[in-house]
Amino acid sequence: MSKCIDDVRSHPAALAIILALVVSELLLSGCSHFRASKRLDLGPFAESTITLASDIQLGLTQKKPVYTRDYGHGPAVAEFEMMAKKVRAIIRGTIAYAIEIVTLSESKMSDAERCGELADYLDGLLRPVLTTPVPELNMTVAKLDTIVANVAKQKKFLDGLAAAQPIIDEVARATSEVVEDTQIALDAAVEEVRNEIERDNRDLTTAVKALKQEQIRSILNVRFLKAYRHGDPTAIDSLLAAEPHLKDIVKPGEPVTPADMSAIEQRLIFKLDALRKIREQLQPDLELYWKQHQELEAMADMYELALRQAQVTVIAWDRAHQRLAAGITDPAKINLVGIARKAAGSAVPLP
């Protein structure tokens, strides 16, 4: 489990994976102790949970920035990193809670003692959060006291979990809110980095745009030569007006000799070739500029998908906990994948 926590610290978008695996561990390790008279068939649930976690993990594959590694030091990125820390804090609390209830379910204590221990744990876990919100919970100290007391007085562990459900619901709600705020912070961070890339490459993009326009203009000016050859005497004046550098070959109003026409053609060809070579020199820088934007958009899409999947998964985790606390024994009804699909609709691709 320490490895899982390390992974979360390294990858703030790993919320979906952790929650799915936590529920899997919770069910596989502890549910056989919840009701002595019933033994759940956890095979289908475990299989679907692993499938969901694997698919989410593939979508959360992170790569370190290569082309944008020199960016991302502004206030918007710092805000996003702060939000990611909040998500990691929630994950640490969620993992700790899952470990606690699995530990209690496997202990030799009576159910009443387990409920007392669960109440003490919830009190120690959440009371500091109410004074230093990470995230901010819509719960007063008095309400926490009431819930904790209700958990402590239960005689069956499943009833203790059910009494703790309001806390689980509020954590899920707050987590969803943090994920939404993180998405907003992500959008701002991406825009900040995008603007940094544009600012650093402003001269490059301006030069490339000017070169392209000049190339197109010179190619279009060749039409004046064709018009002159087809009998339009004014076409040469139009060409000289568009390409002033040709005036050292032929003066406006003077007759144009075949040698002049050849010299003009050679000058235009030389100019187009020079423009092409200059653009070729800038091509590596231009490709780096494109790759920076492509990498930024790819990473933004990856994080955005991860956040959407995380939000869906935490909803599914909450509902699975609720059904477990209610003593649901039908694997189909506590299937995390099925719950996640219903929660997601068509917004998030799930297996």
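These remarks concern the structure in this document. (Residues numbered from 1 in each chain as written. Predicted model: local features only at pLDDT ≥ 70, side-chain atom pairs only at ≥ 80, totals over all residues. Heavy atoms only, no water.)

A short note on the overall build of the protein
Then step 1. Secondary structure summary: the protein contains 12 helices and zero strands in total.
Then step 2. Counting from the amino terminus, helix and strand elements in the protein follow one another as α-α-α-α-α-α-α-α-α-α-α-α.
Then step 3. A total of 351 residues make up the protein; the buried ones form 44% of that total.
Then step 4. For the protein, the computed accessible surface area is about 18,200 Å², with 55% contributed by carbon and sulfur atoms. (Helix = DSSP H or I, 4+ residues; strand = E, 2+ residues; numbered from the N terminus. Buried < 20%, exposed > 50% of the residue type's maximum accessible area, 1.4 Å probe, protein only. Areas by Shrake-Rupley, 256 points an atom, 1.4 Å probe, with all protein chains shown as cover.)

A word on helix H10 (residues 235–242)
Then step 1. Burial in H10 covers these residues: Ala 235, Ile 236, Leu 239, Leu 240 and Ala 242. Seen from one end, H10 has its buried residues packed into an arc of 165°, which puts them on one side.
Then step 2. For H10, the elements touching its buried residues are helix H9 (202–229) and helix H11 (258–325). (Arc of directions from axis to C-beta. Contact = heavy atoms within 4.5 Å.)

With respect to the environment of Tyr 71
Then step 1. For Tyr 71, the location among the structural elements is in the loop between helix H3 (43–59) and helix H4 (75–106).
Then step 2. With a relative accessible area of 11%, Tyr 71 lands in the buried category.
Then step 3. Remark: the alpha-carbon pair of Tyr 71 and Glu 192, spanning 121 residues in sequence, is separated by 9.2 Å.
Then step 4. In this structure, Tyr 71 is in contact with Val 193, Glu 196, Ile 197, Asp 200, Asn 201 and Gln 292, ignoring residues within four places of it in sequence.

Quick word on the environment of Arg 319
Then step 1. Mapped onto the elements, Arg 319 comes out in helix H11.
Then step 2. Along the backbone, Arg 319 and Asp 169 are 150 residues apart, and their C-alpha atoms lie at a distance of 8.5 Å.

Side note on the nonpolar core
Then step 1. By size, the foremost hydrophobic cluster in this structure holds 22 residues, and its most contacted members are Phe 80, Leu 186, Val 193 and Ile 197.
Then step 2. Discounting residues that sit within four places of it in the chain, Phe 80 has contacts with Thr 182, Ala 185, Leu 186, Ala 189 and Tyr 303.
Then step 3. Counting residues in each nonpolar core, the second largest holds 21 residues, with Leu 104, Leu 122, Leu 126 and Val 148 among its members. (Core = buried A, V, L, I, M, F, W, Y, C linked by side-chain atoms within 4.5 Å.)

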